[in-house]
Amino acid sequence: MKLHRPVVSVYTVPTDAPEADGTFAWDTTTMVIAEVTTGEETGTGWTYGPAAVGDFLTEQLGPLVEGRSALDIPALHDAMCRSVRNAGRPGIAACAISALDIALWDLKARLLELPLARLLGVVRERVPVYGSGGFTTYHDTHLAAQLNGWVHGQGIPRVKLKIGESWGRAVPRDLSRVRTAREVIGPDAELYVDANGAYTRKQAVRVGNALAELGVDWFEEPVSSDDLTGLRLVRDALVCDVTAGEYGYDLPYFARMIAAGAVDCLQVDATRCGGVTEFLRAAALAQAHGLEVSTHCAPHAHAAAAAAIPNIRHLEWFHDHVRIEDMFFDGALDPTGGTVRPVAGVGHGLTLRTDEVEEYRVA
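Below: a short report on this structure. (Residues numbered from 1 in each chain as written. Predicted model: local features only at pLDDT ≥ 70, side-chain atom pairs only at ≥ 80, totals over all residues. Heavy atoms only, no water.)

### Some remarks on the sheet that holds strand 3 (residues 41-48)
In space, the 3 strands of this open sheet follow the order 1-2-3, with antiparallel pairing throughout. At either margin of the open sheet sits one strand with a lone partner, and together these are strand 1 (7-20) and strand 3. Within the sheet, the average angular offset between the axes of one strand and its neighbour, ignoring direction, is 25 degrees. With 8 bridges connecting them, strand 2 (residues 25-38) and strand 3 associate as antiparallel partners. Residue pairing in the sheet places Val 32 in a bridge with Thr 47 of strand 3. (Pairing = 2+ DSSP bridges. Helix = DSSP H or I, 4+ residues; strand = E, 2+ residues; numbered from the N terminus. Axes fitted to C-alpha atoms, helices over the stretch in contact; angles between N-to-C directions.)

Below you can see the structure in the form of structure tokens.
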């Protein structure tokens, strides 16, 4: 079961509308896909990031795994992490490792003819999801339509929108949009917000107190995730849960965030932190400190692993990535009713539609 050199492809997909959060704006999303083969089986993994991730995969990681056993994922993961010492792990290298690690787990499950969730060991067959989007560029009617579709159309009882517009310089509009969201979803659905680090510490506390009156119980990155002291100060001052962790590229990052008492729920992104391997380790670290985990973006890359950990809170059903993963793969999951069930098929259950998505390929 010796591995062939991975095949790497890069795709750029225009968004279906202009998108922005509190600190960034974009009109395209780039997806890097790694396919790794042994015998007649192929595993597929992916990440979202610059095209340079694909170059790194091809030049640095591909030769490293070629010829090694497809079953020894911990050894392969360790070798990849050691190989990027001088390049630096956070960022491009970590995303590349993540995509290949996800592909390796998919391949191993396919070789054993198992759903990936069964290979990892299922804690629950259904994983809760929350609808995520509500970009600051959306007109209120667009925002209302998206939220209404999730809550009243698909029966997803928890949703999140972006606030912190223009680096926190539009607080009245932020709060107006949250009020609109509450009116649309009704009093019973859970309402979350994500500032993407746009506010200052005291500003975040003032906004958080106003959000509490609207029943918001999840305040993501009220200040920069690099400001662990600030996150702790905001967390201590507010009744809602303060969350962060999406920029974790290695296990020590999560250890520092947890040790600082910075969050009530740890967010982990398998397409950044080191794939399924490091996602499971981060989840165990969080559990040891009494914390739940929520996955960040790329829902189909997380679903199987999320079903395999006891301290999962929910899966982010992120608009951009849901749209792309529906376009690119057969086997996409259905969140109707507020959960997904990632225990069907083999591997992670997805098959790349190579020919159909060729128009988006850039490398």
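### Concerning the pattern of salt bridges
Summed over all chains, the structure comprises 20 salt bridges. For Arg 313, the salt bridge goes to Glu 292, with nearest N and O atoms at 2.7 Å. One end of the pair, Arg 313, is in strand 11 (residues 312-318); the other, Glu 292, is in strand 10 (residues 292-295), and 21 residues separate them in sequence. Looking at Glu 292, the relative accessible area reads 33%, which means it is partly exposed. One continuous salt-bridge network, built from bridges that share partners, spans Lys 160, Lys 162, Asp 194, Glu 220 and Glu 316. (Salt bridge = Lys/Arg side-chain N within 4 Å of Asp/Glu carboxyl O. Buried < 20%, exposed > 50% of the residue type's maximum accessible area, 1.4 Å probe, protein only.)

### A look at the side chain of Glu 325
You can see Glu 325 is positioned in helix 14 (residues 319-328). This buried residue, Glu 325, is left without a salt bridge; Arg 353 holds the nearest opposite charge, at 11 Å. Here Tyr 48 takes part through its side chain, which lies 2.8 Å from a polar atom of the side chain of Glu 325. In terms of polar contacts, Glu 325 uses its side chain to reach the side chain of His 300, at 2.7 Å. Sequence-distant contacts of Glu 325, defined by excluding residues within four places in its chain, comprise Met 31, Trp 46, Tyr 48, Ala 298, Pro 299 and His 300. (Lys, Arg positive; Asp, Glu negative; His and termini not counted. Polar contact = N/O pair within 3.5 Å; in protein donor to acceptor, adjacent residues only side chain to side chain. Contact = heavy atoms within 4.5 Å.)

### Focus on the pairing of strand 8 (residues 241-244)
Burial along strand 8 is two-sided: Asp 241 and Thr 243 and Val 242 and Ala 244, pointing in opposite directions, are all buried. Of the strand pairs in this sheet, strand 7 (residues 216-220) and strand 8 are connected by 3 bridges, and their pairing is parallel. Considered in strand 8, the bridge of Glu 220 is made with Thr 243. What joins strand 7 to strand 8 is helix 9 (residues 228-237), and the crossover it makes is right-handed. As paired elements, strand 8 and strand 9 (residues 265-268) share 2 bridges and run parallel to each other. Residue pairing across strands places Ala 244 opposite Leu 266, the latter belonging to strand 9. You can see the chain leave strand 8, run along helix 10 (residues 251-259) and come back into strand 9, and the turn it takes is right-handed. (Right-handed = clockwise from strand over helix to strand, strands pointing away.)

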